[in-house]
Amino acid sequence: MLQKITTDKAPAAIGPYSQGIVLGNIFFASGQIPIDPATGEIHGTTIEEQAEQVMKNIGELLKAAGTDYTRVAKTSCFLADMGDFAAFNQVYAKYFTENPARSCVAVKTLPKNVLCEVEVIAEV
């Protein structure tokens, strides 16, 4: 059975999707962009500022699903500019200390023209 995960401590979905889904003991989080859930606005203008907000949003979704960063098995990271790769990794490494499997690609455009988006799969 699919269990929808929702929290007001992370941005609400901006389309026809859930913030996250638990299936069995696996949590699938929808991609997170740097929206501040308190204001609904994009937080930051640099890759570092935006990545920090993305990680905070992911942390709140993980908590709502009953898990945490140490149980993340896979991440998918999307950057607007691969030139931000090193700076993004500096922020990413503070949160994903267990080094989960990962994909990281540059894309043409992200929602709301943000600099990064991250989605995760974690064990619950």
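Residues numbered from 1 in each chain as written. Predicted model: local features only at pLDDT ≥ 70, side-chain atom pairs only at ≥ 80, totals over all residues. Heavy atoms only, no water.

### Description of the pattern of salt bridges
In plain terms, the rule: The working definition used for a salt bridge is a side-chain nitrogen of Lys or Arg within 4 Å of a carboxyl oxygen of Asp or Glu. Each helix is a run of H or I in the DSSP string that is no shorter than four residues. Each strand is a run of E no shorter than two, and both are numbered from the N terminus.
Under the definition given, this model contains three salt bridges. Notably, a salt bridge pairs Lys94 with Glu52, separated by 2.4 Å at the nearest N-O pair. Separated by 42 residues along the polypeptide, Lys94 in helix H2 (residues 85–95) and Glu52 in helix H1 (residues 47–64) bring together distant segments of the chain.

### Let's talk about the nonpolar core
Soluble, globular proteins show a tendency: their nonpolar side chains are buried together. This is how the line gets drawn: The nonpolar core is taken to be a set of buried Ala, Val, Leu, Ile, Met, Phe, Trp, Tyr and Cys residues, with the residues joined through side-chain atoms within 4.5 Å. Here's how the labels work: a residue is buried when its accessible area is under 20% of the maximum for its type, exposed when over 50%, partly exposed in between, all with a 1.4 Å probe on protein chains only. Should any heavy atoms of two residues lie within 4.5 Å, those residues are considered in contact.
By size, the foremost hydrophobic cluster in this structure holds 27 residues, and its most contacted members are Phe27, Met55, Ile58, Leu62, Phe88, Val118 and Val120. Of all the elements in the fold, those that place two or more residues in this core are strand E3 (26–29), H1, strand E4 (72–79), H2 and strand E6 (116–123). At seven residues, the largest contribution of residues to this core is made by H1. Non-local contacts of Met55, meaning those with residues more than four positions away in its chain, are made with Tyr69, Phe88, Val91, Tyr92, Tyr95, Phe96 and Val118.

### Some thoughts on the packing of aromatic side chains
Operational definition: Paired rings are identified among Phe, Tyr and Trp, the last through its six-membered ring, by centres lying within 6.5 Å, and are further divided according to the angle between planes into stacked (under 30 degrees), edge-to-face (over 60) and tilted (the rest). Whether a charge lies above a ring is judged from NZ of Lys or CZ of Arg, which has to be within 6 Å of the ring centre and within 35 degrees of the ring normal.
A complete count under the given rule lists four aromatic pairs for this structure. On the numbers, 5.4 Å between centres and 50° between planes, the contact of Tyr69 with Tyr95 is tilted. In this pair, Tyr69 sits in the loop between H1 and E4 while Tyr95 sits in helix H2, placing the two residues 26 residues apart along the sequence. Feature note: the residues Tyr69, Phe88, Tyr92, Tyr95 and Phe96 constitute an aromatic cluster, connected by ring pairs. One Lys or Arg, Arg102, reaches over the ring of Tyr92 and ends 4.5 Å from the middle of that ring.

### Topic: the side chain of Asp84
Among the secondary structure elements, Asp84 is positioned in the loop between E4 and H2. Not counting residues within four places of it along the chain, the set of residues in contact with Asp84 comprises Ile47 and Leu79.

### Some details on the sheet that holds strand E1 (residues 2–5)
We count it as follows: Strands are labelled as partners when DSSP assigns at least two bridges between them. Working convention: axes come from line fits to C-alpha atoms, limited for helices to the stretch in contact. Angles between N-to-C directions cover 0 to 180 degrees.
Across the sheet, six strands lie side by side as E1-E2-E3-E6-E4-E5; this open sheet has mixed pairing. Since the sheet does not close on itself, it has two edges, and those belong to E1 and strand E5 (101–106), each with one partner. Strand-to-strand twist of the sheet, defined as the mean angle between neighbouring strand axes without regard to direction, takes the value 15°. Along the sheet, H1 makes contact with E1, E3, E4 and E6, crossing E6 at roughly 25°.

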